[in-house]
Amino acid sequence: MRISSDQDVCTGAGQCVLTEPGVFAQDARGVVELRTDRAEGELMPKVRQAVFICPSGALSVEED
Ligand code: SF4
């Protein structure tokens, strides 16, 4: 799957990082940064969960 984030929408809640720190990080302002824009295998359910719980709707995925 391909992962996208909108840094203009992110409110810095950090829920994505808590859910999957291998994919999501935050910059010095707390805004989301992607460590990778792709996830496979066991990471995929974690990434879907992060998209679901993000309070600002800043994250999205596109299935392959
Ligand atoms: S959970 Fe959403 S709002 Fe919070 S840091 Fe991640 S992308 Fe930003």
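These figures come from a predicted structure and were not determined experimentally.

Scoring rules and cut-offs
Note that residues are indexed from 1 along each chain, following the sequence as it is written. Where local features are concerned, this predicted model is filtered to residues with pLDDT of at least 70; where side-chain atom pairs are given and counted, the filter is 80 or more; whole-chain, interface and lining totals use all residues. Remark: hydrogens and water are excluded; side-chain values derive from all non-hydrogen atoms of the structure. Salt bridges, as used here, are contacts in which a Lys or Arg side-chain nitrogen is within 4 Å of a carboxyl oxygen on Asp or Glu. Strands are runs of DSSP state E lasting at least 2 residues, helices are runs of H or I lasting at least 4, and numbering of each runs from the N terminus. Only protein chains enter the calculation, and the probe is 1.4 Å; a residue is then buried if its accessible area is under 20% of its type maximum, exposed if over 50%, and partly exposed in between. If a single non-hydrogen atom of a residue is within 4 Å of a molecule or strand, that residue counts as near it. Residues were grouped as follows: Ala, Val, Leu, Ile, Met, Phe, Trp, Tyr, Cys and Pro as nonpolar; Asp, Glu, Lys and Arg as charged; and all remaining residues, including Gly, as polar.

Enquirer: I'd like a rundown of the pattern of salt bridges, residues and numbers included.
Expert: Per the counting criterion, the structure on display carries 6 salt bridges. Between R38 and E40 there is a salt bridge, with the nearest N and O atoms lying 3.3 Å from each other. R38 is the salt-bridge partner of D64, the closest N and O atoms lying 2.3 Å from each other. Placement of D64 in the segment after β4 (59-62) and of R38 in the loop between β3 (32-34) and α2 (43-53) is noted, with a sequence separation of 26 residues between them. The class of D64 is exposed, set by a relative accessible area of 70%. The exposure class assigned to R38 is partly exposed, which follows from its relative accessible area of 35%. Taken together, the salt bridges that share partners define one network made up of R38, E40 and D64.

Enquirer: Describe the site of the ligand, naming the residues involved and giving the relevant values.
Expert: The environment of the ligand is made up of 14 residues, and the closest members are C10, A13, G14, C16 and C54. Here the shell around the ligand is composed, by residue class, of 8 nonpolar, 6 polar and no charged.

Note that every value here comes from positions in space, so none of it alone points to a role or purpose.
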